[in-house]
Amino acid sequence: MVTLSGWIYKKREFGKKIFVDLRAMGNREYLGRIIQVVFEASRMDTEEFKTVKKLGQESFIVVSGEFVENVRAPGGVELHVDKLISYYLAEKPYPLAKKKHSPDFLLDVRHLTIRSPRYQRIWLIREALVDYLREWYKKDGWIEVYPPILTFTACEGGATLFVLDYFGQEGYLSQSAQLYLEVMIYSLGKVFSLTPSFRAEKSRTRRHLTEYWHFEAEAAMYRFEDILKAQEESLAYAIRKLLENDRFYEWIKEFRGDMDILNNIKAPFPRITYDEAIQILQTKGINIEWGEDLGADEERILSEEMETPFFITLYPTEVKAFYVKAYEEDEKRCYSADMMAPEGYGEITTGGEREDRIDVLIERIKREGFDPQNYFWYLDIRKYGSVPHSGFGLGIERTLMWILKLDHIRETIPFPRLARRKTLI
Ligand code: ATP
Ligand code: MG
């Protein structure tokens, strides 16, 4: 005899027999799937059977019975119910009972949409992806730290800042933890953090949220090549671990279809220089000049035919943030690299080595239109035992979007914040 509880996902009635697809809870193994629950009039109390007839989608039930093998049931077993112990009614009709809805409607009722087995799977894979990234960094000797979200310095350019009133002083929602991680390396050596980052993105694309989860790492005495290595090894590790889990493997396969690219993921990833990327694009007839940043379209074209993530290195210093280290042989180029996901997905990380020269930093901060005085603490750390250091930031949603081959980033996070939508939930 087992007791099982959960929400009714689907119900089919055949006279004296009722089949329920249950989104069971209480055990991790139940999540992301449905369990077939069979009510048979001859097996249970008449009143209880009548009650089951009344229950609509998303009603909650607690039942007891016996698991019986049935090859036609999802997962090969079904529960034959002896007793309806208790229930919590859902109002009818359930707004999502119909099959087809527009993306906008689904976002309007996001508080309900997130219940489906499809979303349960996305949340579970997301949790595991983060766990495995964390696991790699901890094993490799990095320390997790907790930088602030309320900030007083911009990190990634003024255009995407969310400004707020901090008791009369201008404050911002964090765009990146990076400047604080650079401070923390002088306490702990190798650090990482997972925080939300906020970007007032004007562009309405399939890969931009205004609030996303940012996995960032920074290490003392790491040079450019060292930080590329950490990125490729940690990502390859996290994906390998996901695929080692049979359940995740099956689900990911259902989402993306082809598993070859994920199965074959292996560090090191290929590297091409920004100059090479420009040449490739020009050969393909794209109108782009040296010095321009690569946008979503260019990244799509470059990554479309790739079968592995890869790095684009040595970007023009002008297109990158003020803190990137200029390339010694040619200051127009810098030690910055973006990791591109293949299959057209494009950028999932940006990283590189950091500039150490205070005067250069001050000039660059001014050029961004910021006041160097606000960065006093950041500049100060260059004075006391400053060492070469490197770091990167990875977008969790972008990475998950590629792993699952989803066509919109809104699918990767329960409550997406999107520039084009007034968000009410
Ligand atoms: P993009 O050029 O794609 O707008 P970015 O270069 O401005 O991104 P970075 O500052 O390099 O972004 O941020 C590091 C990582 O954070 C990116 O590589 C990406 O994975 C993720 N990221 C950045 N902006 C967003 C966003 N608006 N929504 C979701 N993820 C983002
Ligand atoms: Mg970037």
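A quick note: this is a predicted structure, and the numbers were derived from the prediction, not measured.

(A) Main features of the site of ligand 1. The full set close to ligand 1 counts 16 residues, and Glu-201, His-208, Leu-209, Glu-347 and Ile-348 are the nearest of them. At a separation of 3.0 Å, an oxygen atom of ligand 1 approaches a polar side-chain atom of Arg-199. Burial of ligand 1 by the protein chains amounts to 86% of its free accessible area of 590 Å². If you list the elements that add at least two residues to the shell around ligand 1, you get strand 11 (211-220), strand 17 (346-353) and strand 18 (389-395). No other element matches the four residues that strand 17 contributes to the shell around ligand 1. Residues belonging to the shell around ligand 1 are distributed by class as follows: four nonpolar, six polar and six charged.

(B) A look at the pattern of salt bridges. Under the definition given, this model contains 42 salt bridges. In this structure, Glu-397 engages Arg-126 in a salt bridge whose closest nitrogen and oxygen atoms are separated by 3.0 Å. Of this pair, Glu-397 sits in helix 13 (residues 396-403) while Arg-126 sits in helix 4 (residues 117-139), and the two are 271 residues apart along the sequence. One salt-bridge network, in which partners are shared between bridges, spans Asp-104, Asp-108, Arg-420 and Arg-421.

(C) The arrangement of the sheet that holds strand 13 (residues 310-313) in detail. The mixed open sheet is built from eight strands, whose spatial order is 6-10-11-18-17-16-13-12. If you trace the sheet from one side to the other, it starts and ends with strand 6 (143-144) and strand 12 (271-273), each paired once. This element, helix 5 (residues 178-188), spans strand 6, strand 10 (190-198), strand 11 and strand 18 of the sheet and lies at about 35° to strand 11.

(D) Molecular detail of the coordination of the magnesium ion (ligand 2). Note on the magnesium ion (ligand 2): its protein donors are Glu-347 (OE) and Thr-350 (OG1). The metal-donor distances range over 2.2 Å. On the basis of relative accessibility, which here comes to 27%, the residue Thr-350 falls in the partly exposed class.

(E) Geometry of the nonpolar core. If you look at the biggest cluster of nonpolar residues, it comprises 61 residues, and the most contacted ones within it are Trp-142, Ile-252 and Trp-402. Examining the composition of this core, we find that 12 residues originate from one element, helix 4, more than from any other. Residue contacts for Ile-252: discarding those within four places in its chain leaves Ile-125, Leu-242, Leu-243, Gly-257, Met-259, Leu-262, Ile-403 and Leu-404. Core analysis: the second largest hydrophobic core is formed by 32 residues, Ala-154, Ile-278, Cys-334 and Ile-365 among them.

(F) Focus on the packing of aromatic side chains. In total, this model carries 25 aromatic pairs according to the counting rule given. Plain terms: the ring middles of Tyr-274 and Trp-290 are 5.7 Å apart, the flat faces sit at 90° to each other, and that makes the pair edge-to-face. Here Trp-290 lies in the loop between helix 9 (274-283) and helix 10 (296-304) and Tyr-274 lies in helix 9, a separation of 16 residues in the sequence. Since its relative accessible area comes to 33%, Trp-290 is described here as partly exposed. By way of ring pairs, the aromatic residues Trp-136, Tyr-137, Trp-142, Phe-192, Phe-215, Tyr-222 and Phe-392 are connected into one cluster. In this structure, Arg-118 is placed above the aromatic ring of Tyr-119, and the distance from its NZ or CZ to the ring centre is 5.2 Å.

(G) Structural view of the environment of Tyr-315. With respect to the helices and strands, the residue Tyr-315 is situated in the loop between strand 13 and strand 14 (326-327). Taking relative accessible area as the criterion, Tyr-315 reaches 0% and is therefore assigned buried. Spatially, the C-alpha atoms of Tyr-315 and Val-77 are 56 Å apart, while their sequence positions differ by 238 residues. The residues contacting Tyr-315, other than those within four sequence positions of it, are Tyr-274, Asp-293, Leu-294, Lys-320, Lys-332, Arg-333, Cys-334, Ser-336, Ala-337, Asp-338 and Met-340. Engagement of the side chain of Tyr-315 in a polar contact is seen with the side chain of Asp-338, the distance being 3.3 Å.

(H) Structural context of the pairing of strand 1 (residues 2-14). With six bridges joining them, strand 1 and strand 4 (residues 60-69) adopt antiparallel strand pairing. By the bridge assignment for strand 4, Leu-4 is matched with Val-63. Sheet topology note: the strand 1/strand 2 (residues 17-25) ladder contains nine bridges and is antiparallel. Considered in strand 2, the bridge of Ile-8 is made with Leu-22. Linking strand 1 to strand 2, which pair antiparallel, is a turn of two residues; within it Gly-15 sits at a positive phi near 60°.

(I) Local environment of the pairing of strand 10. Counting buried positions over the nine residues of strand 10 gives nine, a clear majority of the element. Residues Lys-190, Phe-192, Leu-194, Pro-196 and Phe-198 line one face of strand 10 and the alternating positions Val-191, Ser-193, Thr-195 and Ser-197 line the opposite face, and both faces are buried.

(J) Structural view of a nonpolar patch on the surface. On the surface, Phe-415, Leu-424 and Ile-425 cluster together to form a nonpolar patch covering roughly 320 Å² of accessible area. Within the secondary structure, Ile-425 is located in the segment after helix 13. In this structure Ile-425 comes out as partly exposed when scored by relative accessible area, which is 35%.

(K) The arrangement of unusual backbone geometry in detail. Put simply, Lys-92 and Pro-93 share a cis peptide bond, and its omega is -10°. Relative to the helices and strands, Pro-93 is located in the loop between strand 5 (77-88) and helix 2 (103-108). The omega torsion of the bond from Ala-267 to Pro-268 falls at -5°, within 30 degrees of zero and hence cis. Tracing the backbone shows Pro-268 in the loop between helix 8 (260-263) and strand 12. The backbone of Glu-58 sits at a positive phi, close to 75°, despite the residue not being glycine. With respect to the secondary-structure elements, Glu-58 resides in the loop between helix 1 (46-54) and strand 4. The phi dihedral of Lys-405 is positive, around 55°, even though this residue is not glycine. For Lys-405, the location among the structural elements is in the segment after helix 13. With relative accessibility at 34%, the residue Lys-405 sits in the partly exposed group.

Conventions we followed
- Residues numbered from 1 in each chain as written.
- Chains lettered and ligands numbered in written order.
- Predicted model: local features only at pLDDT ≥ 70, side-chain atom pairs only at ≥ 80, totals over all residues.
- Heavy atoms only, no water.
- Near = heavy atom within 4 Å.
- Polar contact = N/O pair within 3.5 Å; in protein donor to acceptor, adjacent residues only side chain to side chain.
- Areas by Shrake-Rupley, 256 points an atom, 1.4 Å probe, with all protein chains shown as cover.
- Helix = DSSP H or I, 4+ residues; strand = E, 2+ residues; numbered from the N terminus.
- Nonpolar A, V, L, I, M, F, W, Y, C, P; charged D, E, K, R; others polar.
- Salt bridge = Lys/Arg side-chain N within 4 Å of Asp/Glu carboxyl O.
- Pairing = 2+ DSSP bridges.
- Contact = heavy atoms within 4.5 Å.
- Axes fitted to C-alpha atoms, helices over the stretch in contact; angles between N-to-C directions.
- Donors = N, O, S within 2.8 Å, 3.2 Å for Na, K, Ca; no water.
- Buried < 20%, exposed > 50% of the residue type's maximum accessible area, 1.4 Å probe, protein only.
- Core = buried A, V, L, I, M, F, W, Y, C linked by side-chain atoms within 4.5 Å.
- Phe/Tyr/Trp six-rings, centres within 6.5 Å; stacked < 30°, edge-to-face > 60°.
- Lys NZ or Arg CZ within 6 Å of the ring centre and 35° of its normal.
- Patch = residues over 30% accessible without salt bridge, like charges linked within 9 Å, V, L, I, M, F, W, Y side chains within 5 Å.

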